[in-house]
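Chains, contacts and geometry: an overview
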Amino acid sequence: MEIVTGGAGFIAQTLIRRLLEEGQDVLALDNLVRGSLDYLKPFEAHPAFAFRNVDCSDKAALSDAVRSIDLGPGPHHIWHLAANSDIGAGNADMTIDLRDTFLTTVASVELAQAIGAARFHFASTSAIYGDHQGRGLAEDDGPLEPISNYGAMKLASEATIRAAVERFLPKADIFRFPNVVGLPATHGAMMDFVLKLKRDPSRLDVLGDGRQQKPYLHVTELVDAMLFISRTAQDRYNVFNIGPKDDGALVSFMAKTVRDIVSPGADIVFGEGDRGWVGDVPRVSFKIDRLTGLGWTPTMSSEQAVVRAAGEIASALGAA
Ligand SMILES: NC(=O)c1ccc[n+]([C@@H]2O[C@H](COP(=O)([O-])OP(=O)(O)OC[C@H]3O[C@@H](n4cnc5c(N)ncnc54)[C@H](O)[C@@H]3O)[C@@H](O)[C@H]2O)c1
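Note that the coordinates shown come from a computational prediction; the quantities given were computed from them, not determined experimentally. (Residues numbered from 1 in each chain as written. Predicted model: local features only at pLDDT ≥ 70, side-chain atom pairs only at ≥ 80, totals over all residues. Heavy atoms only, no water.)

**So, the site of the ligand**
In the vicinity of the ligand, 31 residues are found, and the nearest of them are Asp30, Leu81, Ser85, Tyr150 and Lys154. Contact between the ligand and Arg34: an oxygen atom at 3.0 Å from a main-chain N or O atom of the residue. Asp55 has a polar side-chain atom sitting 2.9 Å from a nitrogen atom of the ligand. In the complex, 96% of the free accessible area of the ligand, which totals 810 Å², lies under the protein chains. (Near = heavy atom within 4 Å. Polar contact = N/O pair within 3.5 Å; in protein donor to acceptor, adjacent residues only side chain to side chain. Areas by Shrake-Rupley, 256 points an atom, 1.4 Å probe, with all protein chains shown as cover.)

Below is the structure:
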């Protein structure tokens, strides 16, 4: 059984589709705090798919939800994607990332032990590195000094999984994601831009001066890399940056791309400073040599991923 926490979220939709296409049984778990049952509609009628509405930070509830399903003989894999994806909300209230980003990890690791899971896959993030002024970072570089509660709880989660590998987990993969774009958009700058232009087609206000530069990967490529690593990496504990080959695209490029699709006559009004919000890392760059060395290379650049996702999101939101 492939158990996907955060199963009603953005990235999970593409992961679940791929797992079902490969003939796997999938159990999606989510409390719908930010996800939506709409994203699971394509799988509802699939005989190999099941969903349970459950708070994944609640060990007992998680265990009950999983025990309500016949998991079959195994091997069982846990894909732990549940987390708080609203970084601003997490900075305003530390308990959000404690519960949704960290305690969901603790409970999922305990679940892995209880069901004897063969492999644990974790959706981590470039945010665990902190602000290194755009210096390209490899997996073993540091210091690891996250500047958001979200990044802090992701780093704590990685450490908890590492400790579980020492004790009982046969194998674990840590995927450090870049900014991921595509459908179904649940959050993020690109969706904000589309919605802002729908509200006011004459003007697009951008948080920060637009010179923030981030690596972007399309969700289809991200999931492809996750599956590739999980089938190919042989160590007990595998840590991989997943990203494009370039240093990223500018936020101003994203704003112009969305503007040109949704409302070509709109003025783009940039804010001040190089940070969109507290905890925003203005220049993110990390190396993917370990991943390319394993044999997986992205086909899209950051700018190509932005252009493709902008078109997809604008038409999904009825703005193109
Ligand atoms: N999207 C990105 O750019 C990006 C970048 C780096 C890392 N990630 C990580 O990838 C994973 C998936 O992100 P996403 O973009 O799909 O976000 P998302 O918000 O769309 O999905 C996360 C899901 O987790 C669920 N969830 C949160 N707390 C929960 C809880 N206590 N119990 C049960 N379900 C809970 C939410 O309802 C949501 O459906 C997350 O762990 C995120 O931190 C995403």
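**Description of the sheet that holds strand 2 (residues 26-30)**
Overall, parallel pairing links the 7 strands, which are arranged 3-2-1-4-5-6-11 in an open sheet. For this open sheet the edge positions go to strand 3 (49-53) and strand 11 (237-241), each flanked by a neighbour on one side alone. Adjacent strand axes in the sheet meet at a mean angle of 15° when their direction is disregarded. Pairing geometry for strand 2 and strand 3, over 5 bridges, is parallel. In the strand pairing of strand 3, Val26 is matched with Phe49. Of the strands in this sheet, strand 4 (77-80), strand 5 (119-125), strand 6 (172-177) and strand 11 are in contact with helix 7 (residues 219-232), which crosses strand 6 at around 155°. (Pairing = 2+ DSSP bridges. Helix = DSSP H or I, 4+ residues; strand = E, 2+ residues; numbered from the N terminus. Axes fitted to C-alpha atoms, helices over the stretch in contact; angles between N-to-C directions. Contact = heavy atoms within 4.5 Å.)

Keep in mind these numbers describe shape, not what the thing actually does.
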